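Tertiary structure, described
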Amino acid sequence: MCKIMEDFAEEERNEEREEIAISLLEMGKMTYAEIATASKLSENKVKELAEKINTK
């Protein structure tokens with residue numbers, strides 16, 4: 001049961017990190033590297049999110 005809760009919490013944290021990165025990308029004031037640092041995501045993940053935003 002503990003592992004399930006840990007996995008759920010990690011998934012929630014990742015979703016929150018992605019939301020932060022998306023907000024920062026939409027502001028357009030930071031580099032991918034800066035957003036990666038601020039959101040604790042990889043730079044590749046930030047680039048992936050940026051591509052999703054640009055295709056909407």
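One structure accompanies this document, and this report is about it. No experiment lies behind these values; they were computed from the predicted model shown.

Right, let's talk about the pattern of salt bridges for a bit. Evaluation of the coordinates by the stated rule reveals five salt bridges. In this structure, the salt-bridge partner of glutamate 10 is arginine 17, at a minimum N-O distance of 3.7 Å. Residue glutamate 10 is classed as partly exposed on the basis of its relative accessible area of 32%. The exposure class assigned to arginine 17 is partly exposed, which follows from its relative accessible area of 22%. In the salt-bridge network here, residues are joined through shared partners; they are Glu10, Arg13 and Arg17.

Right, let's get into a nonpolar patch on the surface. Together, Met1, Ile4 and Met5 give the surface a local cluster of nonpolar side chains, amounting to about 400 Å² of exposed area. Locating methionine 1 in the fold gives a position in the segment before helix H1 (2–27).

What follows concerns helix H3 (residues 43–54). Compared with an ideal rise of 1.5 Å per residue, which puts 12 residues at 16 Å, H3 spans 17 Å between its outermost C-alpha atoms and is within 8% of the ideal. Within H3 the residues assigned to the buried category are Val46, Leu49 and Ala50. The buried residues of H3 occupy one face: seen down the axis, they fall within an arc of 105°. Opposite the buried face of H3, at more than 90 degrees from it, the exposed residues are Asn44 and Glu51. Buried residues along H3 sit in contact with H1 and helix H2 (32–39).

The rules behind these values
- Residues numbered from 1 in each chain as written.
- Predicted model: local features only at pLDDT ≥ 70, side-chain atom pairs only at ≥ 80, totals over all residues.
- Heavy atoms only, no water.
- Salt bridge = Lys/Arg side-chain N within 4 Å of Asp/Glu carboxyl O.
- Buried < 20%, exposed > 50% of the residue type's maximum accessible area, 1.4 Å probe, protein only.
- Patch = residues over 30% accessible without salt bridge, like charges linked within 9 Å, V, L, I, M, F, W, Y side chains within 5 Å.
- Areas by Shrake-Rupley, 256 points an atom, 1.4 Å probe, with all protein chains shown as cover.
- Helix = DSSP H or I, 4+ residues; strand = E, 2+ residues; numbered from the N terminus.
- Expected span 1.5 Å × (residues − 1).
- Arc of directions from axis to C-beta.
- Contact = heavy atoms within 4.5 Å.

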